[in-house]
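Listed here are the chains, written in short residue letters.
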Amino acid sequence: MHLTGYYSCLLRLRGATSFLFTEYQYVGIFMAAFAILIFLFLGSVEGFSTKSQPCTFDRTKTCKPALATAVFSTVSFLLGAFTSVLSGFLGMKIATYANARTTLEARKGVGKAFITAFRSGAVMGFLLAANGLLVLYIAINLFKIYYGDDWGGLFESITGYGLGGSSMALFGRVGGGIYTKAADVGADLVGKVERNIPEDDPRNPAVIADNVGDNVGDIAGMGSDLFGSYAESSCAALVVASISSFGVNHELTPMLYPLIISSVGILVCLLTTLFATDFFEIKAVKEIEPALKRQLIISTVLMTIGVAIVSWIALPSSFTIFNFGTQKVVKNWELFLCVGVGLWAGLIIGFVTEYYTSNAYSPVQDVADSCRTGAATNVIFGLALGYKSVIIPIFAIALSIFVSFSFAAMYGIAVAALGMLSTIATGLAIDAYGPISDNAGGIAEMAGMSHRIRERTDALDAAGNTTAAIGKGFAIGSAALVSLALFGAFVSRAAISIVDVLTPKVFIGLIVGAMLPYWFSAMTMKSVGSAALKMVEEVRRQFNTIPGLMEGTGKPDYANCVKISTDASIREMIPPGALVMLTPLIVGVLFGVETLSGVLAGALVSGVQIAISASNTGGAWDNAKKYIEAGVSEHARSLGPKGSDCHKAAVIGDTIGDPLKDTSGPSLNILIKLMAVESLVFAPFFATHGGILFKIF
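Keep in mind that what you see is a predicted model, and the values were worked out from it rather than measured.

Quick notes on the rules
- Residues numbered from 1 in each chain as written.
- Predicted model: local features only at pLDDT ≥ 70, side-chain atom pairs only at ≥ 80, totals over all residues.
- Heavy atoms only, no water.
- Helix = DSSP H or I, 4+ residues; strand = E, 2+ residues; numbered from the N terminus.
- Rg over C-alpha atoms; globule rule 2.2 N^0.38 Å.
- Buried < 20%, exposed > 50% of the residue type's maximum accessible area, 1.4 Å probe, protein only.
- Contact = heavy atoms within 4.5 Å.
- Lys, Arg positive; Asp, Glu negative; His and termini not counted.
- Charge placed at Lys NZ, Arg CZ, Asp CG, Glu CD.
- Pairing = 2+ DSSP bridges.
- Phe/Tyr/Trp six-rings, centres within 6.5 Å; stacked < 30°, edge-to-face > 60°.
- Lys NZ or Arg CZ within 6 Å of the ring centre and 35° of its normal.
- Expected span 1.5 Å × (residues − 1).
- Bend = angle between axes of the 7 residues up to and from the residue.
- Patch = residues over 30% accessible without salt bridge, like charges linked within 9 Å, V, L, I, M, F, W, Y side chains within 5 Å.
- Areas by Shrake-Rupley, 256 points an atom, 1.4 Å probe, with all protein chains shown as cover.
- Salt bridge = Lys/Arg side-chain N within 4 Å of Asp/Glu carboxyl O.
- Core = buried A, V, L, I, M, F, W, Y, C linked by side-chain atoms within 4.5 Å.
- Arc of directions from axis to C-beta.
- Polar contact = N/O pair within 3.5 Å; in protein donor to acceptor, adjacent residues only side chain to side chain.
- Axes fitted to C-alpha atoms, helices over the stretch in contact; angles between N-to-C directions.
- Parallel < 35°, antiparallel > 145°, perpendicular 65-115°, else oblique.
- Left-handed = near helix turned anticlockwise from the far one by under 90°.
- Nonpolar A, V, L, I, M, F, W, Y, C, P; charged D, E, K, R; others polar.

(A) Geometry of the overall build of the chain. The helix and strand inventory of the chain stands at 23 helices and four strands. The C-alpha atoms of the chain give a radius of gyration of 25 Å, which matches the 26 Å a tight globule of 697 residues would have. Counting only C-alpha atoms and orienting by the principal axes, one finds that the chain spans roughly 80 × 55 × 45 Å. Relative to its full complement of 697 residues, the chain shows a buried share of 65%. A separation of at least 24 residues holds for 84% of the contacts in the chain among residues at least 6 apart in sequence. Here the chain carries 47 positive and 49 negative side-chain charges, and the mean point of each set is 3 Å from the other.

Written as structure tokens, this is what we have:
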């Protein structure tokens with residue numbers, strides 16, 4: 001039994017579109033309710049007064065009323081949410097159409113297929129980067145009509161843009177992750193391990209749901225996630241700049257320095273893309289991974305030059321940056337170094353992630369070798385690899401924090417995060433390339449195309465698995481810097497002079513905040529497990545009850561498996577989302593800003609570690625399985641072939657790693673960013689009315 005390529009693509013497109021529309025309906029209700037909450041909380045700071053008030057950071061001047069901040073924060077929140085939805089949805093559409101085109105191009109050779117898949121990813125990357133930049137720039141200019149010279153109020157209200165973007169990203173990541181992994185686990189456990197049929201075999205009832213999941217989780221989810229990081233880092237930098245000399249003296253060009261960095265990034269990524277598609281031609285499978293790695297290096301080098309030029313042109317030679325109540329004198333070359341250190345830290349994190357997740361290196365090969373003695377040793381080796389992979393990225397993040405804070409305080413950390421995200425278009429092109437190649441292989445298998453074409457798409461997919469892990473590394477590293485910058489902006493806005501961990505108020509927040517990523521991970525992992533359980537039972541039922549299904553004469557019920565994934569993901573995404581969205585509100589209202597600052601610090605410190613180890617563990621198990629399946633080296637052939645006990649142990653490891661690398665791990669970076677930006681948006685209310693319990697007792 002084979003499906004035509006057209007019919008297979010149609011099923012995927014319908015499934016992905018249907019899921020996203022259903023998800024957006026539920027999330028839309030949540031967003032509307034949250035928008036009302038923003039308006040009520042921020043409007044009540046001054047009792048919904050329409051009178052001008054003394055400015056927060058300069059009491060000698062008058063600024064726009066708190067009610068204006070409430071209205072414009074609500075509008076920017078809805079703008080951010082809409083832009084995030086649009087970015088994810090359009091990315092999914094692009095990827096779905098690109099899947100079939102990549103399969104067709106694979107008939108002509110691996111080089112043609114690579115160019116199609118990579119260009120499709122690049123279109124998504126440029127779309128997202130340009131969308132985020134354009135909407136933010138338009139919002140700033142429209143808000144400026146009302147705010148006039150009150151730049152502090154203007155950019156404080158703009159922070160809602162980052163909150164809206166990340167809120168949608170959280171539900172997209174969690175919902176999409178549950179969808180894709182429930183289908184993936186069901187398809188693999190029953191299809192590969194029990195029935196011994198190939199991956200993406202059309203006889204497998206869960207195969208369409210699995211491929212739809214790649215589009216809604218890896219494409220739409222990652223797009224919304226990186227958009228959220230970009231929006232938040234821009235907002236954090238703009239808030240700090242608005243109370244520095246740029247904002248006080250109303251210097252527009254230096255004020256918009258964060259947006260200028262992103263603009264240069266788009267141009268640099270456009271030039272970098274040509275190196276993969278036009279300047280150098282891919283002729284063999286072994287050239288794919290080096291070509292993708294070259295993208296990272298070239299974009300980083302060109303971006304360093306671009307940032308140096310714009311720092312010299314756009315910034316005055318000397319200026320002051322707000323630093324917790326004082327103004328710190330900063331030189332333009334120091335700000336360039338802040339951006340540069342974030343940019344190069346991102347590259348280091350990317351290459352370390354590649355080392356620990358690519359089957360070309362010893363860590364993954366050791367994990368594959370451990371499958372000789374069964375699934376248990378595979379799991380032990382994979383967990384150890386994940387924990388070890390945290391070391392160098394954390395040192396890279398720590399170094400970039402130290403350097404950027406030393407030069408330009410919290411503003412330096414915000415622009416370091418922007419530096420890491422400045423090549424977001426290239427990063428997304430590399431990341432989206434993986435799922436596109438994976439689905440192209442699925443179409444080739446389901447349409448019964450020749451074995452040679454499937455080998456080419458598998459080669460593209462193997463490189464894509466590693467690059468997807470690199471994309472997750474970038475997202476997590478930038479999330480750490482973004483959330484720290486937002487934390488600094490929150491502390492400044494809430495008028496906290498010092499965060500002292502020795503005080504009970506802060507320490508209880510710290511220890512509770514460190515626990516939250518574990519609670520969140522438990523919820524998302526169990527959600528995947530519950531959904532996968534239903535999927536496995538359904539796939540087994542179909543194999544046992546549909547006559548001729550294994551022989552290829554019977555037709556599986558794909559729609560039922562798609563429905564199981566859709567229902568489970570919509571139902572299960574609400575509790576983790578509510579945990580993240582409600583925690584800052586509950587802590588801020590009941591315990592006050594000091595305890596909330598502890599919660600944010602604790603969540604940041606523990607969340608980054610868990611996110612890196614979870615993503616890399618899952619990526620390593622996935623590529624260990626593919627290492628055995630490909631059988632390229634003598635060592636790999638000694639572990640195979642497909643269907644052997646060693647391969648089955650690798651499939652079990654891969655199945656355990658699926659929710660780690662595609663649901664819990666990537667969602668954690670949104671958790672730490674979202675809690676920080678939400679705290680910043682609600683900071684005026686928490687500072688005025690928060691800490692009810694401590695006031696009573």
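Resuming the write-up.
(B) Spatial organisation of the pairing of strand β3 (residues 318–323). In this structure, β3 lies alongside strand β4 (residues 326–331), joined through six bridges in antiparallel fashion. From the neighbouring strand, phenylalanine 319 faces β4, where its bridge partner is valine 330. The turn linking β3 back onto β4 is made up of two residues, and phenylalanine 324 within it adopts a positive phi angle of 50°.

(C) Seen up close, the environment of threonine 180. Looking at where threonine 180 falls in the secondary structure, it is placed in helix α4 (residues 151–194). Looking at threonine 180, the relative accessible area reads 0%, which means it is buried. Placed 106 residues apart in sequence, threonine 180 and lysine 286 show a C-alpha to C-alpha distance of 29 Å. Non-local contacts of threonine 180, meaning those with residues more than four positions away in its chain, are made with Asp210, Gly213 and Asp214.

(D) View of the packing of aromatic side chains. Considering all chains together, one arrives at 23 aromatic pairs under this definition. Pairing phenylalanine 41 with phenylalanine 685 gives two aromatic rings, centres 4.4 Å apart and planes at 40°, and the pair type is tilted. Of this pair, phenylalanine 41 sits in helix α1 (residues 5–43) while phenylalanine 685 sits in helix α22 (residues 683–689), placing them 644 residues apart in sequence. Phenylalanine 685 matches phenylalanine 41 in its accessibility class, with the two residues each being buried. In this structure an aromatic cluster arises from ring pairing among Phe30, Phe34, Phe41, Phe77, Phe171, Phe682, Phe685 and Phe686. Taking NZ or CZ as reference, lysine 64 lies 4.9 Å from the ring centre of tyrosine 146, over its face.

(E) Representation of helix α21 (residues 645–681). Between its first and last C-alpha atoms α21 spans 54 Å; for 37 residues at 1.5 Å apiece the expected length is 54 Å, and the two agree. Within α21, the axis deviates most sharply at glycine 657, by approximately 35°, and proline proline 659 lies no more than four positions further along. Among the 37 residues that make up α21, 33 are buried, leaving the element largely enclosed by the rest of the structure.

(F) Inspection of unusual backbone geometry at higher detail. At histidine 250, a residue that is not glycine, the phi angle is positive and equals roughly 55°. Residue placement: histidine 250 occurs in the loop between α6 (245–248) and α7 (252–255). Histidine 250 gets classed as partly exposed once you look at its relative accessible area, which sits at 32%. The phi dihedral of alanine 409 is positive, around 55°, even though this residue is not glycine. Its location among the elements puts alanine 409 in helix α13 (residues 391–421).

(G) Examining the environment of cysteine 63 more closely. By secondary structure assignment, the location of cysteine 63 is in strand β2 (residues 62–63). Separated by 11 residues in the primary sequence, cysteine 63 and serine 52 have C-alpha atoms spaced 5.6 Å apart.

(H) A nonpolar patch on the surface, seen in detail. Nonpolar side chains collect at one region of the surface, where Ile297, Val301, Ile305, Ile309, Trp312, Ile313 and Trp344 lie side by side and expose about 730 Å² of accessible area between them. Ranked by residue count, the leading element in the nonpolar patch is helix α9 (residues 288–314), at six residues. Within the secondary structure, tryptophan 312 is located in helix α9. The exposure class of tryptophan 312 is exposed, given its relative accessible area of 67%.

(I) Main features of the nonpolar core. Membership of the largest hydrophobic core comes to 200 residues, with the highest contact counts inside it found for Phe114, Tyr257, Ile288, Tyr411 and Phe490. The element that contributes the greatest number of residues to this core is helix α5 (residues 207–242), accounting for 19 residues. In contact with tyrosine 411, not counting residues within four places along its chain, are Ala237, Val240, Ala241, Phe246, Pro254, Tyr257, Pro258, Ile321 and Leu335. Residues Tyr356, Cys371, Tyr627 and Ala650 belong to the second largest nonpolar core, which totals 20 residues.

(J) Here's a closer look at the pattern of salt bridges. For the structure shown, the criterion picks out 19 salt bridges. Residue glutamate 105 is joined to lysine 108 by a salt bridge in which the shortest nitrogen-to-oxygen separation is 3.3 Å. Lysine 108 sits in the exposed class, given a relative accessible area of 58%.

(K) Representation of helix α11 (residues 362–369) in the model. Listing the buried residues of α11 in full gives Pro363, Val364, Val367 and Ala368. Seen end-on, α11 carries its buried residues on one side only, within an arc spanning 140°.

(L) Fine view of the side chain of serine 527. Position of serine 527 relative to the elements: it lies in helix α16 (residues 504–545). A distance of 3.1 Å separates a polar atom in the side chain of serine 527 from a polar atom in the side chain of glutamate 572. If sequence neighbours within four positions are ignored, serine 527 has contacts with Ile178 and Glu572.

(M) Local environment of the packing of α13 against helix α19 (residues 593–630). At a minimum axis separation of 10 Å, α13 and α19 run at an interaxial angle of 140°. Compared by their axis directions, α13 and α19 come out oblique. Here the hand of the crossing between α13 and α19 comes out right-handed. Here Pro393, Ile394 and Ile397 of α13 lie close against α19, whose contacting residues are Val608, Gln609 and Ile612.

(N) Structural detail: the environment of glycine 152. Relative to the assigned elements, glycine 152 resides in helix α4. When the C-alpha positions of glycine 152 and glycine 47 are compared, they lie 20 Å apart, and in sequence the two are 105 residues distant.

(O) Broad picture of the side chain of serine 667. By the element assignment, serine 667 lies in helix α21. Ignoring anything within four residues of it in the chain, the contact list for serine 667 reads Leu170, Arg173, Val174 and Phe520.

(P) Focus on the packing of α19 against α21. With their axes 6 Å apart at the nearest point, α19 and α21 run at an angle of 155° to one another. One finds that α19 runs roughly antiparallel with respect to α21. Pair α19 / α21 crosses with left-handed handedness. Along the lines of polarity and charge, the residues of the contact of α19 with α21 split into 22 nonpolar, 10 polar and five charged.

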